[in-house]
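A structural walkthrough
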Amino acid sequence: MKVTSKTFIRKTKRGNILKIVREHYLRDDIGCGSKICKKCKHNNEKPLVKHQSINTDFPDKHYLLVDTNVVLHQIDALEDDTLKNVIILQTVLEEVKHLSHSVYKRLMDIIGNYSRSFYVFVNVYHKDTYVERVRGESPNDYNDRMIRVAALWYNKHLDDKIKVLLLSSDEASKAKAINEGIPTMSLEQYVSGLNNVTLTDKLSNRSCMVEETSKEPIFPPHLTPAIIHQGIKSGKLMQGTFFASTDNFLEGNVFVEGQEKNILLQGREHLNRAINGDIVAIEMLPESQWSAPANLVLADYDDLDLENGLDTVEKPKEKYPTGKVVGIIRKKWRQYCGIIQHSLVENATRHLFVPADKKIPKIRIETRQYDKLKDQRVIVAIDTWPRTSRYPLGHFVRSLGKIGEREAENEVILLEHDVPHSKFSDEVLRCLPKETWTISATVNIVKIAHSTLVSTISITIDLVGRKDFRDLDICSVDPPGCTDIDDALHCMPLENGNFQVGVHIADVTHFVKPGTAIDIEASQRATTVYLTGRRIDMVPGLLSSNLCSLRGGEERLAFSCVWEMTPNADIVNSSYTKSVIKSKAAMTYDQAQLIIDDQNQDNSIALGLRQLNKFAKILKKRRIDAGALVLASPEIRFLVDSETRDPLDVEVKQLKETNSMVEEFMLLANVEVAKKIYSDFPEFAVLRRHPKPPPSNFESLIKAAAHLGVELNVDSSRDLANSLDKAVKLDNPFFNTMLRILATRCMLQAVYFASGTKTYDEFLHYGLAAPIYTHFTSPIRRYADVLVHRLLAVSIASDSTTPEMLDKRKIEGLCQTLNIRTRMSAYAERASVALNTHIFFRGKIRDEEGYILYVRKNALQILIPKYGLEGTLFLSPRKGQLQAAIFTYNEDEQTQRCGDIVFRTFDPVSVQLSLDSSNVQHERIVLKLVKPEIPNFSVPSINTSTVNVQQPQKNPHEPCDSICEPQLKKAKI
Amino acid sequence: MDLLSRQGLRTDGRRSGELRRIRCKMGVFNQPDGSAYLEQGNTKVVAAIYGPHEIRTNRSKAPNDCAVINCQYSMATFSRSERKRRPRDNKSAELTLHLKQAMATAIKTDLYPKSQIDIFVQVLQSDGGNYSVCVNAATLALIDAGIAMEEFVISCTSSLANGETPLVDISHLEETMGGPSLTVAILPISGKIAMLETSQRIHINHLEPVLSEAVRGCRYIYEILNKIIKKHYEEIGGALNWGTEEYNI
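Residues numbered from 1 in each chain as written. Chains lettered and ligands numbered in written order. Predicted model: local features only at pLDDT ≥ 70, side-chain atom pairs only at ≥ 80, totals over all residues.

With that settled, the discussion passes to the overall build of chain A. Of the regular secondary structure elements, chain A holds 26 helices and 38 strands. Within chain A, the fraction of its 973 residues that count as buried is 40%. Counting contacts in chain A only where the partners sit at least 6 residues apart, residues at least 24 apart contribute 69% of the total. (Helix = DSSP H or I, 4+ residues; strand = E, 2+ residues; numbered from the N terminus. Buried ≥ 20, exposed ≤ 12 C-beta atoms within 10 Å, placed from the backbone. Contact = placed C-beta atoms within 7 Å.)

Shown next, in the form of structure tokens:
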């Protein structure tokens, strides 16, 4: 083995120049990966097979060798199954990894798929293909040369039995390669020889950039990375994350670390081709040009008079720091779901794509399959956004199905929110208990098999270290239709007058061992996602709704918290243990409520429930006194037709006393477990905190309330709770709820974290007013709980630690992913409700009561509590239409006036809802005013009614915690 | 950055169980009683032995029945990419103690009563595993000085890549990028452990594979050094080669 050294210069953080010398070993045991090769002795992996050429442009048998640019820009085409026998050089792999992590991940997925015959050739450590960098050679040139050397070596090595075709998109390097005698082509040329329409559509759109350069540029140019770097260093420019506004496509915010307020961006030129999520470099505008958010609802529809609206922006009083984008540091482009805009020209190949996410601009694509795709949901990727083009250029990736079809629409929701929803892999299923493989299809056999399974497990293996609670009167209380029962309770009097209270949680960690495939999969999914009519499980159904679910009358493994409580609900003594339980009954909230209320029942379960209910009331009072907030977010559920899966009606979730009872004990268990694991693992405990929102978050709410003479005190959560309680208006019973809804939106999000990364003061859970909190009670549907279970199991010495549990950095990283996934799944659930709202309103017109949430310059944001729906009532006329009613906007008082009628925030209104299907591709819910009546503007009222069936449902314990995911779903407008 | 790629190669092109290149020369200096130069990859070390000689320091405290071992570990000011101000600091003092401990287990001190053996090692260039290379160089120098030893003292490092694969003989990059690293010094024939140190807490589940990989590395190094020593003595002590060069002139 030869050794050489790599020497390079690096600058340290302090600005010192360092010379770094590293060894570089050149090996002779790296195989070429070809099945036909007889020379390579160490060819362990041989994915490259004999190639049957079907390419008309390159008739010889060949393998493909791609360069970095092809991978970066044409990853969609590479993902297509038709391209096979591809050699990926280590040089290319490293460059791709450096330039785009997402493309790198996708490339690794392709390489991992053995049927695709991709081979990674580690050219940089191969003795014949490594070349040293020449003095003065740029890294790019050096990499290109490495690629050419490897291509040449391959062609020589395979003795022309099989050619190696270099695919390169760069003209200059292509010419060089041809000069050196390497067969070279561009991917476009190669694909055109394959005669495959789908593949051709997947090609990236870069080439049409050239033809447009003659046009007048619409956007100012971006600065070069070097200038941006300098600018940021000197403080002239700032770096931040760009967030597009949901309401106004010509407005956005940039979040700059260390800046108190977000930087506002307005207008197409100032946004300068930034796309939601991009990391951008911005330059501040002089203070004289600072502006305020337009307070306009602008959608990029041709029928809205949007440009006019923008020009007439008056000079606002309160100005926000405003800036403009001068460069994009890191693009966060991904694939987008959406539809192709209806085209007026027949047989056109260039079309506009409308993304489902309103924060993303329309994308121009080229396709020859318009007729096939026009009524489909499709996925499109952005390739580039030249200065001359109003829209970014992209290409078609794949189709999801017909617009309006439930499957396709659900797929859109899942993809847009990046929810992993593929079927569980065989590897994961193999981790399930072995005995269950014998189960055949029928339900009866499943039941028998499982009861024997669990009893054999518990008696033979697991009784050691497990307490036998099978004789206790344990029961579970859940919403109707719930199949993943995580928790069960019991309560019994003790001889000394105290009570024994037990919270029993499904022992998921018994089946999900750390490091196994099922564990890795669950950690990536992070949570179970509940869409209307569909549940995407975190762990396979066998566990989630059977083996782990604490079903009534069946023996199950559990993790139990047992407390001795005084009649005043003070904990005297607590213990945690793994156990085996047999739930006496799995009840719904209603059933439990009936048992509690029915004084004739006096069996031990009824007595236990009543005592639990008493305790819960004491606990709740104690919590509220400590300053816990009671906030509102109108959660609704659809009643779904069991056959067609179409929504029949909606109902607002009702909260019963028993909901609160279960909730209190779950909170208690979470808090107690948090204390316990924190005391044993001060560095590694997985906890949940809800930071105190900064007072600035409440500013607008305080202002709006002040207009109605209500004073809000937001100094602490207790003050807020008190002032919310006092804020009652007799003439508007919904006023208090509205305030609570809006207060919810001022909150920050609750997050998981590793205890070692924060100080104890920061552990605070603001909403619950708990100094320390975690999630312990729903391991079936949340991965954080699984982590907590493992920690607690170590705490009570029933299990041993694993290295991953004790790695602060890893835990913190995992917490971050859990946070992202949890948030995205909440958004997905909301989007699913919105989708069903649309389906529900198909062909229906309803009059509903609503309340004004915000008053905007040209519209009213209206909340309709019955559907939990937020919609926009436009007040200004549409383009080309005349409107007799003229509204005047008063900025100071936040009102809209038309004649004698004044609209203020929180005012009740009556609106008519209907679905506007005139544009088949983009349905939206339209609001029309019914009351108060305004001549020539409001519409007359009508009325109707419907039927009920049930649907699977999330176990909604600990609802107080979900306040931290504010934002109601919004109607698509 | 991955310390081990999916193709099983480390950042410098080695596989997980491969050592760095070893080059060495014994008897590099004439003034000391024994000396050696050892290179493991880019870590380069010289060792010099003085003694056994009369005890010079702390004569009153010295034991009567065995030799005193005096160690000094230092790093040349030019040994790293940034110039080091002080060649001997706290870290060096600690390593000096460890070195003394490891070497004392093998030297037959009871053969040299009322005498002192000085071991001086200096790191000329540092690229990970400094201590290990110093132990190995000191062993070579002691052999060169003809000091009686039970057997070799050989040291090697190892770490863990991606939380599962042990890496042997780690470079500076792997030391800083990876997780906890482990240094072990063993007496390769008897298999006794002379010194064991970890840079951070290491999980009990990982200890066994990482330790055994380091021990395996030690045995490899032992074989290589043994061969080099034999060749060295064949060259300088073999009757056939005795003074051949002068003869030719």
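Next comes the rest of the write-up.
This brings us to the overall build of chain B. The helix and strand inventory of chain B stands at five helices and nine strands. For chain B, the N- to C-terminal ordering of α and β elements is β-β-β-β-α-β-α-β-β-α-β-β-α-α. Computed over C-alpha atoms, the radius of gyration of chain B comes to 19 Å, within 12% of the 18 Å expected from 2.2 N^0.38 for 249 residues, which places it in the range of a compact globule. Every one of the 249 residues in chain B was classed for burial, and the buried ones make up 40%. Once local pairs closer than 6 in sequence are excluded, the contacts in chain B between residues at least 24 apart make up 69%. (Rg over C-alpha atoms; globule rule 2.2 N^0.38 Å.)

Each partner contributes residues to the interface: chain A has 18 residues there, and chain B has 16 residues. Considering each element in turn, the side of chain A that touches chain B owes the most residues, nine residues, to strand β2 (residues 17-26) of chain A. Considering only residue class, the side of chain A that touches chain B consists of eleven nonpolar, three polar and four charged. (Nonpolar A, V, L, I, M, F, W, Y, C, P; charged D, E, K, R; others polar.)

Moving on, we come to the sheet that holds strand β8 (residues 237-244) of chain A. Residue and element names in this part refer to chain A. Taking strand neighbours around the barrel as the criterion, the five strands line up as β8-β9-β10-β12-β11 in a closed arrangement whose pairing is mixed. The average undirected angle you get between the axes of adjacent strands in this sheet is 50°. Pairing between strand β10 (residues 263-266) and strand β12 (residues 322-330): two bridges, direction parallel. Bridging across to β12, Leu265 finds its partner in Gly323. (Pairing = 2+ DSSP bridges. Axes fitted to C-alpha atoms, helices over the stretch in contact; angles between N-to-C directions.)

Residue and element names in this part refer to chain A. Packing of helix α14 (residues 406-416) against helix α26 (residues 808-840) leaves a shortest axis separation of 9 Å and a crossing angle of 155°. Compared by their axis directions, α14 and α26 come out roughly antiparallel. Along this stretch, α14 crosses α26, giving a crossing that reads as right-handed. On the side of α14, the interface is formed by Glu409, Ile413 and Leu414, while α26 contributes Ala828, Ala831, Ser832 and Leu835. (Parallel < 35°, antiparallel > 145°, perpendicular 65-115°, else oblique. Left-handed = near helix turned anticlockwise from the far one by under 90°.)

Turning our attention to the environment of Arg830 of chain A. All names here are of chain A. Within the element layout of this structure, Arg830 appears in helix α26. Assessed through the 18 C-beta atoms surrounding it within 10 Å, Arg830 is described here as partly exposed. As a C-alpha pair, Arg830 and Gln524 span 306 residues in sequence and 21 Å in three-dimensional space.

Attention now goes to the UniProt feature "domain: PIN" (unreviewed entry) in chain A. Taking the UniProt record as the reference, the feature "domain: PIN" (unreviewed entry) is found at residues 62-175 of chain A. With 49% helix and 16% strand, residues 62-175 of chain A has its two end C-alpha atoms placed 20 Å apart. (UniProt positions renumbered as here; feature names shortened; annotations may be inferred.)

Turning our attention to the domain arrangement of chain A. What the domain assignment lists for chain A is domain 1 (25-189), domain 2 (335-403), domain 3 (461-630), domain 4 (658-837) and domain 5 (843-931). Averaged C-alpha coordinates put domain 1 of chain A and domain 3 of chain A at centres separated by 57 Å. (Domains from an automatic or database assignment.)

UniProt marks residues 18-147 and 152-214 of chain B with the feature "domain: Exoribonuclease phosphorolytic" (unreviewed entry), using the numbering shown here. The distance from the first to the last C-alpha atom of residues 18-147 of chain B is 31 Å, and the span holds 24% helix and 33% strand.

Turning next to the confidence of the model for chain A. Parts of the model with low pLDDT should not have their predicted coordinates read in detail. Residues and elements named next belong to chain A. Averaged over every residue, the pLDDT of chain A is 80; residues scoring 70 or more account for 85%. Mean pLDDT in chain A bottoms out at helix α16 (residues 443-461), which sits at 39, and peaks at strand β29 (residues 686-689), which reaches 94. In this model residues 302-316 is a low-confidence stretch, pLDDT under 50, and it forms 16 contacts with partners more than four residues away in sequence or in other chains. When the criterion is pLDDT under 50, residues 944-973 qualifies, and its contacts beyond four places in sequence or with other chains add up to 90 contacts. (pLDDT = per-residue confidence, 0-100.)

Let us look at the sheet that holds strand β34 (residues 888-890) of chain A. Residue and element names in this part refer to chain A. One open sheet holds the three strands; their spatial order is β34-β35-β36, and the pairing between them is antiparallel. In the strand order of this sheet, the two ends are held by β34 and β36 (901-903), each with one partner. Between one strand and the next, the sheet's axes are offset by a mean angle of 25°, whatever the strand orientation. As judged from the three bridges shared by β34 and strand β35 (residues 895-898), these two strands associate in the antiparallel manner. Note that in β35 the partner of Thr888 across the bridge is Arg897.

Here we take up the nonpolar core. Membership of the largest hydrophobic core comes to 128 residues, with the highest contact counts inside it found for Val686 and Ile862 of chain A. Apart from residues lying up to four places away in sequence, Val686 of chain A is in contact with Tyr752, Ala754, Thr774, Ala784, Leu787, Val788, Leu791, Ile811 and Cys815 of chain A. (Core = buried A, V, L, I, M, F, W, Y, C linked by C-beta atoms within 7 Å.)

Most peptide bonds adopt trans geometry, and most residues besides glycine take a negative phi value. Residues Gly51 of chain B and Pro52 of chain B are joined by a peptide bond in cis, for which omega reads 0°. Residue position: Pro52 of chain B is located in strand β3 (residues 43-54). Notably, Asn85 of chain A is not glycine yet its phi reads approximately 55°, a positive angle. With a phi close to 70°, Arg273 of chain A is a non-glycine residue in the positive phi region. Looking at the secondary structure, you find Arg273 of chain A in the loop between α11 (268-271) and β11 (279-284). Judged by the 23 C-beta atoms lying within 10 Å of it, Arg273 of chain A falls in the buried class.

Take the packing of helix α1 (residues 90-104) of chain B against helix α2 (residues 130-145) of chain B next. Residues and elements named next belong to chain B. Remark: α1 packs on α2, axes separated minimally by 11 Å, with the N-to-C direction vectors making an angle of 40°. On the basis of their axis angle, the class for α1 and α2 is oblique. Considering only the axes of α1 and α2, their crossing is right-handed. Seen from α1, the contacting residues are Leu95, His98, Leu99, Ala102 and Met103; seen from α2, they are Tyr131, Cys134, Val135 and Ala138.

For the rest of this paragraph, the subject is the pairing of β10 of chain A. All names here are of chain A. By the alternation rule, side chains of β10 split into Ile263 and Leu265 and Leu264 and Gln266, which are all buried. Summarising the sheet, strand β9 (residues 251-255) and β10 pair through four bridges and their orientation is antiparallel. Looking at the pairing, Asn253 lines up with Leu264 of β10.

By the element assignment, Tyr766 of chain A lies in the loop between β30 (751-754) and α25 (783-795). Setting aside residues up to four positions removed in sequence, Tyr766 of chain A forms contacts with His690, Pro691, Lys692 and Ser717 of chain A.

Further remarks concern α1 of chain B. For an α-helix the count is 3.6 residues per turn, leaving residues at separations of three or four pointing the same way. All names here are of chain B. The terminal C-alpha atoms of α1 lie 21 Å apart, and with 15 residues this matches the ideal 21 Å at 1.5 Å per residue to within 8%. Here α1 has its buried residues at Leu95, His98, Leu99, Ala102 and Met103. Projected down its long axis, α1 carries its buried residues within an arc of 125°, all on one side. For α1, exposure combined with an orientation more than 90 degrees from the buried face picks out Asn90, Ala93 and Leu97. Where the residues of α1 are buried, they touch β4 (68-75), β5 (115-125), α2, β6 (154-161), β8 (182-187) and β9 (192-198). (Expected span 1.5 Å × (residues − 1). Arc of directions from axis to C-beta.)

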